[in-house]
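Chain by chain, the residues run as shown.
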Amino acid sequence: MDRSYAVEIIYRGIFQKTLAKHISRGLVLAAAKEGKTGISFGRYGDSPERNGIPAKNFAIIAPDEVTLEESMAQYEPKQVDVTVVVDDTLCKGVESWAWYGLQPVNRLLGPGGKLVVTSMLGFDDLLKMIHAKDVPYELAIVRGIPSFSGLWVFKDDHTDVRILGTIARLVPEMLSLAAIEAAIRDEWKDELKVTSARKAYSRVETTVVPPGVGNPEQPYAFTLPGWREMPEGIAIRNIPMGGAITDPVTGQVGGYRAAVNPYFKKFTTRTMRPVIDFEKCIKCTLCWLQCPDSCFDVTPDGLYDVRMESCCGCGVCEAVCPIEHCITMVNESAFTDNRSQWEMWKADREGYRAWVAEKISARPERAHGFRLRGLYQEQIKALAAVGLAPGGEEKVGREDTTEASAGGA
Ligand code: SF4
Ligand code: SF4
């Protein structure tokens, strides 16, 4: 190892905060086991974190102190060797707290870099979400449902050590598996976690993604104003008033569409999205009233359509809708675009009915871990079955879960 290595961990703020910290800290502890050095830190602009908002941690590993200090002359790396994504829906892009617009999840990867995603999806499905890059990189899947703990409780499902074992496999010149194992023994004093890291090391699935392969959509771009264009006396422009909508089939003009800030598209916070069965809607307005982000457009025919560019996926609309399965939250990974459901329904009602039925029946399970008491424990058993132990014959850990101290420490 003759240079420093940079690893970024992209995670969902609060829900995965402790998990991300375990991964970046574990890398530095492992570096010390090999006589190397390192530093682990969170992205400055990501604090204060909010539920589900994309956020980042970094770990820099270096052969010696001088190389580390030289690397840290720039606080946030402009290029990384490994990007870890601990929730696959983040593959659609990330818009972090204090960032400006949507960014591809693989943006910082250099040529030949490694993108590690925890997912139950295959390479093709992930590449429908991950934006195409102009250099080749390696995509690695760590099998398992995303590890969502929720607020300040960390449920230990071994995702942290499985990621560490995977990184040892993908970048052996940075850290060996022996160093990772030694760090886990010292830090967690749990031989089962060592076993999990070793299994992840041997089971990781990888493919090389050539240039131009992936989601072809152009992520958000902007041009900074020059000094001649700076408007006087104002930093943030007003959002203009909303207006009426035109029905794509009848041409009828009416309803109301609230305007939203065009520069901040909050859909990257979303892990689930509402699917609406317009034929069940009784036009009670509760979803429109309760949506915290004013996402519902009132259509000319008096229905309520979600603006997917703005929906943060909080699930409030599903909770307040009085009609069963009129609004159903579905795993975000089941969708590839943000098009209007109402326009789809208007254009082809029969096709839309089939689309809704398919989406709400075949949806991969998804929750923030605290929707139902006991839900997370059930999900961890599923993880044991699909990720760690084929057939589910092995347990993940003591009593399946471990609750860390309050405060997410
Ligand atoms: S999930 Fe429903 S309530 Fe929440 S932001 Fe989206 S549309 Fe609004
Ligand atoms: S809450 Fe449900 S029934 Fe009421 S307007 Fe919204 S979608 Fe229709």
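Residues numbered from 1 in each chain as written. Chains lettered and ligands numbered in written order. Predicted model: local features only at pLDDT ≥ 70, side-chain atom pairs only at ≥ 80, totals over all residues. Heavy atoms only, no water.

### Looking at the site of ligand 2
The criterion, for reference: Throughout, the term near means that a residue has one or more heavy atoms lying within 4 Å of the molecule or strand in question. Polarity classes work like this: nonpolar for Ala, Val, Leu, Ile, Met, Phe, Trp, Tyr, Cys and Pro, charged for Asp, Glu, Lys and Arg, and polar for all others, with Gly in that last group.
Residues in contact with ligand 2, as listed here, are Cys281, Ile282, Lys283, Cys284, Thr285, Cys287, Tyr304, Cys321, Pro322, Cys326 and Ile327. When the residues that make up the shell around ligand 2 are grouped by side-chain class, the tally is nine nonpolar, one polar and one charged.

### Section: the sheet that holds strand E7 (residues 205–209)
Filter applied, for reference: When DSSP finds two or more bridges between a pair of strands, those strands are recorded as paired. Counting from the N terminus, the helices are the DSSP runs of H or I reaching at least four residues and the strands are the DSSP runs of E reaching at least two. Helix axes are fitted to C-alpha atoms over the stretch in contact, other axes to C-alpha atoms as well, and angles between N-to-C directions run from 0 to 180 degrees.
Taking strand neighbours across the sheet as the criterion, the seven strands line up as E2-E3-E1-E4-E5-E6-E7 in an open arrangement whose pairing is mixed. At either end of the open sheet lies a strand with only one pairing partner, and these are strand E2 (37–42) and E7. For this sheet the average axis-to-axis angle between neighbouring strands, irrespective of direction, equals 20°. In this sheet, strand E3 (residues 54–62) lies alongside E2 in antiparallel orientation, the contact comprising six bridges. Pairing of phenylalanine 41 across the sheet is with phenylalanine 58, part of E3.

### Brief notes about the pairing of strand E9 (residues 253–257)
Strand residues, when the strand is regular, have side chains that alternate between the two faces of the sheet. Note: strand E8 (residues 243–246) against E9, three bridges, orientation antiparallel. Counted as the bridge partner of isoleucine 245 is glycine 254 from E9. In this structure, the hairpin formed by E8 and E9 is closed by a connection of six residues, where glycine 251 is found at a positive phi of approximately 80°.

### Quick notes on helix H1 (residues 17–33)
The periodicity of an α-helix, 3.6 residues per turn, causes residues three or four places apart in sequence to face the same way. Inclusion rule: By this rule, a helix spans an expected 1.5 Å times one less than how many residues it contains. Using a 1.4 Å probe on the protein chains alone, a residue whose accessible area is under 20% of its type maximum counts as buried, one over 50% counts as exposed, and one in between counts as partly exposed. Contact between two residues is taken to exist if any of their heavy atoms lie within 4.5 Å; hydrogens are not considered.
In this model H1 runs 25 Å from its N-terminal to its C-terminal C-alpha over 17 residues, within 8% of the 24 Å that 1.5 Å per residue would give. Listed in full, the buried residues belonging to H1 are Thr18, Leu19, Ala20, His22, Ile23, Ser24, Gly26, Leu27, Val28, Ala30 and Ala31. Against the buried residues of H1 lie strand E1 (5–12), E2, E3, helix H4 (159–170) and helix H5 (177–188).

### Topic: the site of ligand 1
To be explicit about the condition: Cavity means a closed set of points on a 1 Å grid over the protein atoms alone, one where a 1.4 Å probe fits but cannot get out, pocket means an open set with protein on both sides within 12 Å along at least 5 of 7 lines, and lining means a residue has an atom within 4 Å of a point. For this analysis, a molecule is said to be in a pocket or cavity if more than half of its atoms are within 2 Å of the grid points defining it.
Taken together, 13 residues are adjacent to ligand 1, and Cys291, Cys311, Cys314, Gly315 and Cys317 come closest. Here ligand 1 is seated within the second largest cavity. Considering only residue class, the shell around ligand 1 consists of eleven nonpolar, two polar and no charged.

### Details of the confidence of the model for the protein chain
Cut-off, in case you're wondering: A residue's pLDDT is the confidence the predictor assigns to it, expressed on a 0 to 100 scale.
In the predicted model, the protein chain carries a mean pLDDT of 86, and the fraction of residues at 70 or more is 85%. Strand E4 (residues 80–85) holds the highest mean pLDDT among the elements of the protein chain, 98, whereas helix H11 (residues 375–388) holds the lowest, 59. Throughout residues 387–409 the model reports pLDDT below 50, and contacts reaching past four residues in sequence, or to other chains, amount to 54 contacts.

### Points about the pairing of strand E13 (residues 327–331)
Judged by how many residues are buried, E13 sits mostly within the fold: five of five residues are covered. In this sheet, E13 lies alongside strand E10 (residues 272–276) in antiparallel orientation, the contact comprising five bridges. The partner of proline 274 across the bridge, within E13, is methionine 329.

### A closer look at the packing of H4 against H5
Packed helices, taken two at a time, are described by the angle between their axes plus the distance between the axes. We count it as follows: When describing relative orientation, an angle under 35 degrees is termed roughly parallel and one over 145 degrees roughly antiparallel, while 65 to 115 degrees is termed roughly perpendicular and anything else oblique. By definition, turning the near helix anticlockwise from the far helix through less than a right angle yields a left-handed crossing, and turning it clockwise yields a right-handed one.
At their nearest, the axes of H4 and H5 sit 8 Å apart, and the two run at 160° to each other. Here H4 is positioned roughly antiparallel relative to H5, judged by the angle of their axes. When you trace H4 past H5, the crossing you get is right-handed. Of the residues in H5, those in contact with Asp160, Val161, Leu164, Gly165 and Ala168 of H4 are Leu177, Ile180, Ile184 and Trp188. Among the residues forming the contact of H4 with H5, the class breakdown is seven nonpolar, one polar and one charged.

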